[in-house]
Amino acid sequence: MITMNDIVREGHPVLTKTAEEVQLPANETDRNTLMEMLQFLKNSQDEKVAEKYQLRPGVGIAAPQIGIPKRMMAVHFEDYEGKQYSDGYFNPKIISHSVEQTYLSTGEGCLSVDREVPGYVPRYARITVKAINLNGESIKLRLRGYAAIVFQHEIDHLNGVMFYDRINDINPFEAPENAKPCD
Ligand SMILES: O=CN(O)CCNC(=O)c1cccc(Cl)c1Cl
Ligand code: NI
C-alpha cells in the first residue's frame with residue numbers, strides 16, 4: 001500500500017518535470033499503480049486507517065508524487081453539491097476551459113509540500129477534461145467549482161507545476177482577475 005514514505009517531497013526533480021504519456025491500453029503495472037493511488041486517497045480519508053498509518057488526507061494524487069513520471073492521476077472527493085468523484089485517469093487533458101477563474105478562499109495544500117503556503121491559487125472556473133479511466137473507457141468530464149480546482153491541481157503535477165507557482169508573489173491574497181471564490 002502507498003504510505004507517506006512513498007510520497008516525494010518538493011526539491012525532488014520528478015515534481016518539476018513533465019510526465020510522459022502512458023502507453024495505452026494501460027499494462028498491468030500501470031493499472032495496479034493507479035488502483036493503489038486511488039486506494040491511498042480512500043485510506044487517507046478513513047479516520048482509522050489514516051491514524052494507523054499516519055496518512056495526510058488527500059482528495060487527489062498524481063503519479064509524479066510517488067516518483068513515477070507518468071501521466072496518471074486519481075481523485076476521491078465529494079463536491080459542494082454532493083457529487084462524488086472517485087476514479088483513476090490515464091493521460092488526462094484539459095481540452096477547453098472558461099475565461100472566468102475561481103479559487104479556494106482557504107488556499108490549497110499538497111502532500112509533496114510539508115509546509116503551509118498561504119494565498120489564492122487562480123484556477124479556471126470551468127474545464128472540460130478528456131481522459132481514459134481505470135476501466136479503460138475514453139471519457140469527457142465537464143467540471144466546475146471544487147472539482148475543476150482539484151483536477152487542475154493534479155494535471156499541474158503532470159506538467160511539473162506546483163500550486164504555489166500560481167500564487168501572486170506581490171499579494172498572495174489578491175483576488176485573481178474576474179474570479180469568484182469557489183467556497
Ligand atoms: O496533488 C494532490 N495532493 O497533493 C493531495 C493533497 N492536497 C489536497 O488534497 C488538496 C487540498 C486543497 C486543495 C486541493 Cl486542489 C487539493 Cl488537491
Ligand atoms: Ni499536490
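To be clear, the structure that these remarks concern was listed above.
Here the residue numbers are simple positions, counted from 1 along each chain's written sequence. A letter from A marks each chain and a number from 1 marks each ligand, given out in the order of writing. Two thresholds apply to this predicted model, a pLDDT of at least 70 for residue-level local features and 80 or more for giving and counting side-chain atom pairs, whereas whole-chain, interface and lining totals are computed over all residues. Neither water nor hydrogens contribute to the side-chain values; these are computed over all heavy atoms in the structure.

1. Some remarks on the overall build of the chain
Under the scheme used here, helices are H or I runs from DSSP no shorter than 4 residues and strands are E runs no shorter than 2 residues, and both carry numbers assigned from the N terminus. Along the backbone of the chain there are 3 helices and 8 strands. Listing the helices and strands of the chain from first to last along the sequence gives α-α-β-β-β-β-β-β-β-α-β. The C-alpha atoms of the chain give a radius of gyration of 16 Å, which matches the 16 Å a tight globule of 183 residues would have. Its C-alpha atoms give the chain principal-axis dimensions of roughly 45 × 35 × 35 Å. By definition, residues are in contact when any of their heavy atoms lie within 4.5 Å. When contacts within the chain are restricted to residue pairs at least 6 apart in sequence, long-range pairs at least 24 apart make up 72% of them. Atoms considered for the radius of gyration are the C-alpha atoms alone. The globule rule reads 2.2 Å times the number of residues to the power 0.38.

2. Remarks on the site of ligand 1
Of all residues adjacent to ligand 1, which total 14 residues, the nearest are Val-59, Gly-60, Gln-65, Leu-111 and Glu-154. A 3.5 Å cut-off defines polar contacts: any pair of N or O atoms within that distance qualifies, except that in protein one atom must be a possible hydrogen donor and the other a possible acceptor, and neighbouring residues in sequence count only when both atoms are side-chain atoms. Between His-157 and ligand 1, the recorded distance is 3.0 Å, taken from a side-chain N or O atom to an oxygen atom. Computed on the free molecule, ligand 1 has an accessible area of 430 Å², of which 91% lies beneath the protein chains in the complex. No other element matches helix H3 (residues 145–158), which puts 5 residues into the shell around ligand 1. Only Asp, Glu, Lys and Arg are considered charged, only Ala, Val, Leu, Ile, Met, Phe, Trp, Tyr, Cys and Pro nonpolar, and every remaining residue, Gly among them, polar. Grouping the constituent residues of the shell around ligand 1 by class yields 6 nonpolar, 6 polar and 2 charged. Residue proximity to a molecule or strand is established when one non-hydrogen atom of the residue lies within 4 Å of it. Areas reported as accessible are Shrake-Rupley estimates using a 1.4 Å probe. Residue values count occlusion only from the protein chains shown.

3. As for the coordination of the nickel ion (ligand 2)
At 2.2 to 2.4 Å from the nickel ion (ligand 2) lie its protein donor atoms, namely Cys-110 (SG), His-153 (NE2) and His-157 (NE2). Coordination shells were defined by N, O and S atoms within 2.8 Å of each metal, extended to 3.2 Å for Na, K and Ca; water is absent from the atom set, which can make sites look incomplete. Motif for the nickel ion (ligand 2), donor spacing along one chain: C-x42-H-x3-H. Residue Cys-110 is located in the loop between strand E4 (101–103) and strand E5 (123–124), and its partner His-157 is located in helix H3; the two are separated by 47 residues in the primary sequence. A simple rule labels every residue: compare its accessible area, found with a 1.4 Å probe on the protein chains alone, to the largest value its type can have, and call it buried under 20%, exposed over 50%, or partly exposed in between. Assessed through its relative accessible area of 3%, Cys-110 is described here as buried. What makes His-157 buried here is its relative accessible area of 1%.

4. Focus: H3
Spanning 14 residues, H3 covers 21 Å between terminal C-alpha atoms, matching the ideal 20 Å at 1.5 Å per step. Most of H3 is tucked away: 13 of the 14 residues are buried. Each helix should span, by expectation, one fewer than its residue count multiplied by 1.5 Å.

5. Examining helix H1 (residues 28–44)
If you check H1, its first and last C-alpha atoms are 24 Å apart, about what 17 residues at 1.5 Å a residue would give, namely 24 Å. Looking only at H1, the buried set comprises Asp-30, Thr-33, Leu-34, Met-37, Leu-38, Phe-40, Leu-41, Asn-43 and Ser-44.

6. Topic: the sheet that holds E5
Two strands are counted as paired when DSSP detects at least two bridges linking them. The sheet built from 3 strands is open, its strands ordered E5-E4-E8 with mixed pairing. Only two strands of the sheet have a single partner each, and these edge strands are E5 and strand E8 (179–181). With 2 bridges joining them, E4 and E5 adopt antiparallel strand pairing. Pairing of Gln-101 across the sheet is with Tyr-124, part of E5.

7. Examining a positive patch on the surface
Distance thresholds for patches are 9 Å for like charges and 5 Å for nonpolar side chains (Val, Leu, Ile, Met, Phe, Trp, Tyr), applied to residues having over 30% relative accessible area and no salt bridge. Salt bridge, as used here: a side-chain nitrogen of Lys or Arg that lies within 4 Å of a carboxyl oxygen of Asp or Glu. Residues scored as positive are Lys and Arg, those scored as negative are Asp and Glu, and His as well as the terminal groups of each chain are ignored. Working definition for charges: the position is that of NZ of Lys, CZ of Arg, CG of Asp or CD of Glu. Residues Lys-93, Lys-130, Lys-140 and Arg-142 make up a contiguous surface patch of positive charge. Mapped onto the elements, Lys-93 comes out in strand E3 (residues 84–97).

8. Regarding the sheet that holds strand E2 (residues 72–78)
Two strands in a sheet stick together by hydrogen bonds in their backbones, pointing the same way (parallel) or opposite ways (antiparallel). Taken in spatial order, the 5 strands make up an open sheet running E1-E2-E3-E6-E7, and their pairing is antiparallel. Among the strands making up the open sheet, the edge pair consists of strand E1 (60–62) and strand E7 (138–144). Neighbour-to-neighbour, the strand axes of this sheet turn through a mean angle of 40 degrees, independent of strand direction. Note that E1 and E2 share 3 bridges and pair antiparallel. Bridging from a neighbouring strand, Ile-61 pairs with Ala-74 of E2. Interaxial angles span 0 to 180 degrees and are taken between N-to-C directions of axes, which are lines fitted to C-alpha atoms, for helices over the stretch in contact. Where H1 meets the sheet, it contacts E1, E2 and E3, and its direction lies at approximately 30 degrees from that of E2. On top of the sheet, H3 reaches E1, E2, E3, strand E6 (126–133) and E7; it is set at about 160 degrees to E2, its chief contact.

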